[in-house]
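Chains, contacts and geometry: an overview
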Amino acid sequence: MNKRHVFSAPGLALAEQAMAAARSAGVDNDAILLVARADIEKRAIPDMRKMADTDLMAAVGRGAGYGAATGLLAGLVAFAVPPLGITLAGAAAVGVAGAMVGSLASALLGASVPDPVRQAFDDEIQAGHILLVIDAEPEVLDVAGAAIVRLGLRPLPYESTSALS
């Protein structure tokens, strides 16, 4: 399971050196993202390196899971009440409908919630620092993290499992 770590660089040049060090340590190129103040991102960071501004994907996943569980539970309760005439296939259909409604509702809410990294380190971002976000296996992160710190980046107190690993 991939883990996510965050490092703070005082400038873009150092962040780019750290990206090269991470790639050399075995981090996949697509697993390296940058987070910065809006004016810095617009001016200097390529789109492929930008991290999403919102918690959309994680929210959709949570909503689908909770919606499916709730829908399936409601369908099974309806199946258990004979006068309603719901079949097992009907219970499954209610579960699928619950997943769809849960995904939609969570996506709408998740689109308005800032990404957890942006939330946690807003002061760093507003101070003009560039955040380097790395997603990798723990063994690779240990090697990459050491190389990144040797360059002068500061590890920030953040660790989570990657949303889509």
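Just above sits the structure.
The text that follows walks through the structure, step by step, so that each part is easy to find. Treat the numbers as computed from the prediction; the structure is a model and nothing was measured.

1. Observations concerning the pairing of strand β1 (residues 3-9)
With five of seven residues buried, β1 is to be regarded as a mostly interior element. Pairing between β1 and strand β3 (residues 130-136): seven bridges, direction antiparallel. Across the sheet, residue Lys3 finds its bridge partner in β3, namely Ala136. In the sheet, β1 pairs with strand β4 (residues 154-161) via five bridges, with the strands oriented antiparallel. Within the sheet, the bridge partner assigned to Arg4 lies in β4 and is Ser160.

2. Let's talk about helix α1 (residues 12-24)
In this model α1 runs 18 Å from its N-terminal to its C-terminal C-alpha over 13 residues, within 8% of the 18 Å that 1.5 Å per residue would give. For α1, every residue scored as buried is listed here: Leu14, Ala15, Ala18, Met19, Ala21 and Ala22. In an axial view of α1, the angular spread of the buried residues amounts to 165°, which keeps them on one side of the axis. Pointing more than 90 degrees away from the buried face of α1 are the exposed residues Ala13 and Ser24. As for α1, its buried residues are in contact with β1, β2 (32-35), β3 and α7 (138-150).

3. A look at the environment of Ile125
With respect to the helices and strands, Ile125 occurs in helix α6 (residues 122-126). Along the sequence, Ile125 and Val35 sit 90 residues apart, while their C-alpha atoms lie 7.4 Å from each other. The residues contacting Ile125, other than those within four sequence positions of it, are Val35, Ala36, Arg37, Arg118 and Leu131.

4. Side note on the environment of Met19
In this fold, Met19 is placed in helix α1. Sequence separation between Met19 and Leu132 is 113 residues, and the spatial gap between their C-alpha atoms is 7.8 Å.

5. Looking at the sheet that holds β4
Read across the sheet, four strands follow the order β2-β3-β1-β4 without closing on themselves; strand pairing throughout is antiparallel. In the strand order of this sheet, the two ends are held by β2 and β4, each with one partner. Looking at each pair of strands side by side, their axes are set apart by 25° on average, direction ignored.

6. As for a nonpolar patch on the surface
Taken together, the side chains of Leu72, Leu73, Leu76, Val77, Phe79, Val81, Leu84, Ile86 and Leu88 present a nonpolar region at the surface, about 780 Å² in accessible area. No other element matches the five residues that helix α3 (residues 56-80) contributes to the nonpolar patch. By relative accessible area, Leu73 is classed as exposed at 56%.

What counts and what doesn't
- Residues numbered from 1 in each chain as written.
- Predicted model: local features only at pLDDT ≥ 70, side-chain atom pairs only at ≥ 80, totals over all residues.
- Heavy atoms only, no water.
- Buried < 20%, exposed > 50% of the residue type's maximum accessible area, 1.4 Å probe, protein only.
- Helix = DSSP H or I, 4+ residues; strand = E, 2+ residues; numbered from the N terminus.
- Pairing = 2+ DSSP bridges.
- Expected span 1.5 Å × (residues − 1).
- Arc of directions from axis to C-beta.
- Contact = heavy atoms within 4.5 Å.
- Axes fitted to C-alpha atoms, helices over the stretch in contact; angles between N-to-C directions.
- Patch = residues over 30% accessible without salt bridge, like charges linked within 9 Å, V, L, I, M, F, W, Y side chains within 5 Å.
- Areas by Shrake-Rupley, 256 points an atom, 1.4 Å probe, with all protein chains shown as cover.
- Salt bridge = Lys/Arg side-chain N within 4 Å of Asp/Glu carboxyl O.

It is worth stressing that arrangement in space is one thing and function is another; only the former is reported here.
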